[in-house]
There are 2 protein chains.
Amino acid sequence: MEIRDAEKQELLAVAHELADVARVETLKYFRLPSLGVANKDANSFDPVTEADRASERAMRDILAKRRPNDGILGEEYGAQEGSSGLTWVLDPIDGTRAYISGTASWGVLIGLDTGNGPVMGIVDQPFTGERFLGGFGKAEWTRGDETRQLKTRQCANLDQAILFTTFPEIGTKAEGAAFRAVSKQCKLTRYGLDCYAYALIGLGMVDLVIEAGLLAYDIQGPMAVVEAAGGIVTNWQGGSAHQGGQILAAGDARLHAQALEILNNSV
Amino acid sequence: MEIRDAEKQELLAVAHELADVARVETLKYFRLPSLGVANKDANSFDPVTEADRASERAMRDILAKRRPNDGILGEEYGAQEGSSGLTWVLDPIDGTRAYISGTASWGVLIGLDTGNGPVMGIVDQPFTGERFLGGFGKAEWTRGDETRQLKTRQCANLDQAILFTTFPEIGTKAEGAAFRAVSKQCKLTRYGLDCYAYALIGLGMVDLVIEAGLLAYDIQGPMAVVEAAGGIVTNWQGGSAHQGGQILAAGDARLHAQALEILNNSV
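Residues numbered from 1 in each chain as written. Chains lettered and ligands numbered in written order. Predicted model: local features only at pLDDT ≥ 70, side-chain atom pairs only at ≥ 80, totals over all residues. Heavy atoms only, no water.

*Asks:* Whenever I open this one, the overall build of chain A confuses me. Can you help?
*Replies:* Across its full length, chain A carries 7 helices and 15 strands. Taking 18 Å as the expected radius of gyration for a compact globule of 267 residues, we find that chain A reaches 18 Å, a close match to that expectation. Here the C-alpha coordinates of chain A stretch approximately 50 × 45 × 35 Å along the principal axes. Here chain A holds 267 residues, and the buried ones make up 61% of them. Put simply, of all contacts in chain A between residues at least 6 apart along the chain, 62% involve residues at least 24 apart. Accessible surface, chain A: about 10,100 Å² in total, of which carbon and sulfur atoms supply 47%. In chain A, which carries 25 positive and 35 negative side-chain charges, the distance between the mean positions of the two groups comes to 4 Å. (Helix = DSSP H or I, 4+ residues; strand = E, 2+ residues; numbered from the N terminus. Rg over C-alpha atoms; globule rule 2.2 N^0.38 Å. Buried < 20%, exposed > 50% of the residue type's maximum accessible area, 1.4 Å probe, protein only. Contact = heavy atoms within 4.5 Å. Areas by Shrake-Rupley, 256 points an atom, 1.4 Å probe, with all protein chains shown as cover. Lys, Arg positive; Asp, Glu negative; His and termini not counted. Charge placed at Lys NZ, Arg CZ, Asp CG, Glu CD.)

*Asks:* What is the right way to read the relation of the copies chain A and chain B from this model?
*Replies:* Two copies of the chain are present, and they differ by a rotation about an axis and a shift along that axis. Relative to chain B, chain A is turned by 180° and slid 0.0 Å along the rotation axis, the superposed coordinates differing by an RMSD of 0.0 Å. Taken together, the turn and the small shift mark the pair as related by a two-fold rotation axis. The fraction of interface residues of chain A whose copies in chain B are also interface residues reaches 100%, indicating that both copies meet through the same surface. (Least-squares fit on C-alpha atoms with pLDDT ≥ 70 in both.)

*Asks:* Would you mind showing me how to read the interface of chain A and chain B here?
*Replies:* By convention, interface size is frequently given as the accessible area that disappears when the constituent parts associate. With 34 residues of chain A in contact, the opposing surface of chain B contributes 34 residues. Carbon and sulfur atoms make up 60% of the area that chain A and chain B hide from each other, which totals about 2,800 Å². Sorting the residues of chain A by area buried against chain B places Arg31(A), Arg190(A) and Met205(A) first, and these three jointly supply 24% of that buried surface. Counting every contact that joins chain A to chain B gives 4 salt bridges. (Buried area = accessible area lost by both parts, 1.4 Å probe. Salt bridge = Lys/Arg side-chain N within 4 Å of Asp/Glu carboxyl O.)

*Asks:* Which parts of the structure should I look at to understand the pattern of salt bridges?
*Replies:* For side chains of opposite charge, pairing can occur when their charged atoms come near one another. One pass over the structure, following the stated rule, counts 31 salt bridges over all chains. Here Glu130(A) and Arg31(B) are joined by a salt bridge, their closest N and O atoms 2.7 Å apart. Of this pair, Glu130(A) sits in strand 8 (residues 130–135) while Arg31(B) sits in the loop between helix 1 (5–29) and strand 1 (37–39), placing the two residues on different chains. Both residues of the pair, Glu130(A) and Arg31(B), belong to the buried class. In this structure, Asp70(B) and Arg67(B) form a salt bridge, with 2.6 Å as the shortest nitrogen-oxygen distance. The class of Asp70(B) is buried, set by a relative accessible area of 2%. On the basis of relative accessibility, which here comes to 9%, the residue Arg67(B) falls in the buried class. Linked through salt bridges whose partners overlap, the residues forming this network are Arg4(A), Glu7(A), Glu10(A), Arg67(A) and Asp70(A).

*Asks:* Is there a simple way to think about the domain arrangement of chain A in this case?
*Replies:* All names here are of chain A. Each assigned domain of chain A is listed here: domain 1 (5–144) and domain 2 (158–266). Taken together, the contact pairs 35 residues of domain 1 with 21 residues of domain 2. Around 1,900 Å² of area is buried between domain 1 and domain 2 when both sides are counted, 69% of it from carbon and sulfur atoms. The largest per-residue losses of area from domain 1 upon contact with domain 2 belong to Ser105, Pro118 and Phe132, which jointly make up 27% of the total buried on that side. On the surface where domain 1 and domain 2 come into contact, there are 4 residue pairs in polar contact (both at pLDDT 80 or more). Per-element tally for the side of domain 1 that touches domain 2: the top contributor is strand 7 (residues 118–125), with 6 residues. Of the residues in the side of domain 1 that touches domain 2, the class split is 16 nonpolar, 12 polar and 7 charged. (Domains from an automatic or database assignment. Polar contact = N/O pair within 3.5 Å; in protein donor to acceptor, adjacent residues only side chain to side chain. Nonpolar A, V, L, I, M, F, W, Y, C, P; charged D, E, K, R; others polar.)

*Asks:* Help me understand unusual backbone geometry in this model?
*Replies:* Apart from glycine, the bulk of residues carry a negative phi angle, and the bulk of peptide bonds sit in the trans form. Its identity is not glycine, yet Arg31(A) carries a phi of approximately 65°, on the positive side. When its relative accessible area of 4% is taken as the criterion, Arg31(A) is described as buried. Despite not being glycine, Phe136(B) shows a phi value in the positive range, around 55°. Relative to the elements of secondary structure, Phe136(B) occurs in the loop between strand 8 (130–135) and strand 9 (138–143).

*Asks:* Just to check I follow, could you spell out the packing of helix 1 (residues 5–29) of chain A against helix 2 (residues 50–66) of chain A for this structure?
*Replies:* When two helices pack together, their arrangement is given by the angle between the helix axes and by the axis-to-axis distance. Residues and elements named next belong to chain A. Where helix 1 contacts helix 2, the axes come no closer than 8 Å and their chain directions differ by 155°. Between helix 1 and helix 2, the crossing angle belongs to the class labelled roughly antiparallel. Here helix 1 runs over helix 2; the crossing is right-handed. Every residue of helix 2 that contacts helix 1 at Glu10, Ala13, Val14, Glu17, Leu18, Val21, Ala22, Glu25, Thr26 and Tyr29 is listed here: Glu50, Ala51, Ala54, Ser55, Ala58, Met59, Ile62, Leu63 and Arg66. (Axes fitted to C-alpha atoms, helices over the stretch in contact; angles between N-to-C directions. Parallel < 35°, antiparallel > 145°, perpendicular 65-115°, else oblique. Left-handed = near helix turned anticlockwise from the far one by under 90°.)

*Asks:* I'm lost on the sheet that holds strand 3 (residues 71–74) of chain A in this one. Help?
*Replies:* Strands pair in a sheet through their backbones, by hydrogen bonds, and they do so in one of two ways: parallel or antiparallel. All names here are of chain A. The 8 strands are arranged 4-3-5-6-7-8-9-10 in an open sheet whose pairing can be described as mixed. Only two strands of the sheet have a single partner each, and these edge strands are strand 4 (78–80) and strand 10 (146–149). Averaged over all adjacent pairs, the angle separating strand axes in this sheet is 15°, with direction ignored. Two strands pair when backbone bridges link them, and strand 9 (residues 138–143) and strand 10 are joined in this way by 4 bridges, in the antiparallel orientation. For Thr142, the partnering residue across the bridge sits in strand 10 and is Thr147. On the sheet, helix 2 packs against strand 3, strand 4, strand 5 (87–94) and strand 6 (107–113) and is oriented at approximately 155° with respect to strand 5. Most of the contacts of helix 6 (residues 216–228) go to strand 7, to which it runs at about 100°, and overall it touches strand 3, strand 5, strand 6, strand 7, strand 8 and strand 9. (Pairing = 2+ DSSP bridges.)

*Asks:* Would you mind showing me how to read helix 6 of chain A here?
*Replies:* Note: α-helices contain 3.6 residues per turn, so residues at a spacing of three or four share the same orientation. Residue and element names in this part refer to chain A. With 13 residues, helix 6 should cover 18 Å at 1.5 Å per step; its first-to-last C-alpha distance of 18 Å lies within 8% of that length. Its axis deflected by about 25° at Pro222, helix 6 carries its strongest bend there. Taken residue by residue, helix 6 has Ala216, Tyr217, Asp218, Ile219, Gln220, Gly221, Pro222, Met223, Ala224, Val225 and Val226 as its buried positions. Following helix 6 by one or two positions, Gly230 has its phi on the positive side, about 105°. (Expected span 1.5 Å × (residues − 1). Bend = angle between axes of the 7 residues up to and from the residue.)

*Asks:* Could you clarify how one ought to interpret the packing of aromatic side chains in this entry?
*Replies:* In this description, an aromatic ring pair is defined by two values, namely the gap between the centres and the angle between the planes. Residues and elements named next belong to chain A. Per the counting criterion, the structure on display carries 11 aromatic pairs over all chains. Between Phe132 and Tyr196 the ring centres are 6.0 Å apart and the planes differ by 85°, which places this aromatic pair in the edge-to-face class. Taken together, the positions of Phe132 in strand 8 and Tyr196 in helix 5 (residues 196–202) put the pair 64 residues apart, joining distant regions of the chain. The same class applies to Phe132 as to Tyr196, namely buried. (Phe/Tyr/Trp six-rings, centres within 6.5 Å; stacked < 30°, edge-to-face > 60°.)

Put into C-alpha cells, the structure is as follows:
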C-alpha cells in the first residue's frame, strides 16, 4: 500500500509517542521489589507483569485517539481490527524474564504492519534510554540528545561472525541442533538478549540473530530496525518473517545466505 | 588487618577515582566500529581490546600517585608487589565479549584485598552509568544523582530462584553437569551477563550466580558487593572464593546451602 509523506510523518510521531508512554509505564515497575509476577501458563514459567499490561494499555489509549482506524495486535490484549490497512504490532515488554531479573536488555517493540510486514518499527530500551527506529527513510539510534545512524556492518563469513540468541535451548530438539550447526562455525555465540540483539545488528556490533518460536509482535519492531539499517530478516526457509516462527536476522546478505543453507539442511 | 576509619574514607575515594577514569577510557572505545580486537590465546577467541589496556593503565597511574605502597593485581598488566598489606585487584573490562558485542552487561571491577579476600569493591557499568559499591560499611548503587541501598532478597528455595551464569557450557563437562543439576531445580536460568549478574544479586533482583574458571580479578569486586549487600560468595566446596575458580554466589544463605549441596555431590 501507498502511504503519503505527510502520513508517514504522522505515523513516525505516533510511534515515538507510543514508545514514550511505554517507557514511563515500564520504568515505574522496573526493579521494584514488589513486582508481581503471574503465570500465564501453569506448565511453564511465563511471567506477565503488571508493567506489561500497563504499558500496552497506555499505547492503546494513544492509538484510540490518534489512529482510530488502524488495527492493533498486542501481546497482552490481542487483536483489534482496523479499516486503514495498517496494524500496530505491539510488544509492551519483550523479554519479561530479563525485565523481572533487572537486566537492561528487554525492550518495548512497536511495528507498523501493512499486512506484508512492517514498514516502520521501534525497539526501545527504557532503562538505558536508547531508541532504535527504522522505516520511512529513517534508520536511527537516539539516546537523550545523542543521535547515530544505524547501519549494519559487513561480515563476509561465519568464522568472523558474532551470533546471538536468547535461550541456548532454541525451541525443539531439531531447531536446537540446527542452531548449533550454525553456532559452531561462528567466531562467538552469546545468549540472553531478547530484542536487544536485533538492535545491536542495526548498530553494526552483532552479525547474526537466530531464534525459533517467535510471534508476530516479537519480531516486527526488530525486523523494521534491522531492515532499515541494511540487514535481512527471514524465516529459516528464506521466506517472510513478519508472522514470527523461526527467525534468521543478519547484517550482511552473504552471511544470511551461509546461515540459511545450514539451517535449511538441518531441519 | 586493621584499617583506620580515616584510611577507609581515603580508600573509598581512591576506588571511586579508579572507577571514574576507567569509565572514561572504556566509553571512549565502546561501540566504535574500528575497535581493534587481538587474540591472547591463538586456540580460542579471547578478545583483548585497546580499551582494556587503556582502562587498566589509567587506574594504575592513579594508584602510583595516591597509593604507592599498595600492591596491584590487574588482568592486563599483572602483579605488582606492595608493602602496605593491601592489594588492588583490577579487571579493567570484565566481559570483553559483551563489550565487543555492544551490550551493556560488561563492567569495570575493583577489589581491595587484604590477602584474605576483598574488604571493599566496586562493579561499575559505564554505559548505563551504574556503580555498585560494597565494603567499609557501605552497600550502595548509584547512577547520576540517584542512590539506592543494596540489599539481597530473601529466597528460601531453589524452585523460587533466578539463576544466572555467563556461558551455558560452564567450564569442564563435570562442572557443566553440576551447574545443570542446580539449574533444573531453579525457577529461571539466564545467561550472558558476566559481572552484572552479581550486581543484580546485590540489588535483590537475582538469587544465584554459578560460574567456573574465574580468576581473582573476575570475582573480588563482585564478591565485595554481594557480601556487603547481605549475600554469600564461596567456591563450590564452601571455601574461600577470592582467588577465583568455581564460584557460587547467593543472596540468601538458605539458597546457598541448597546449591552447595548439589554442586558438592556433583563434582
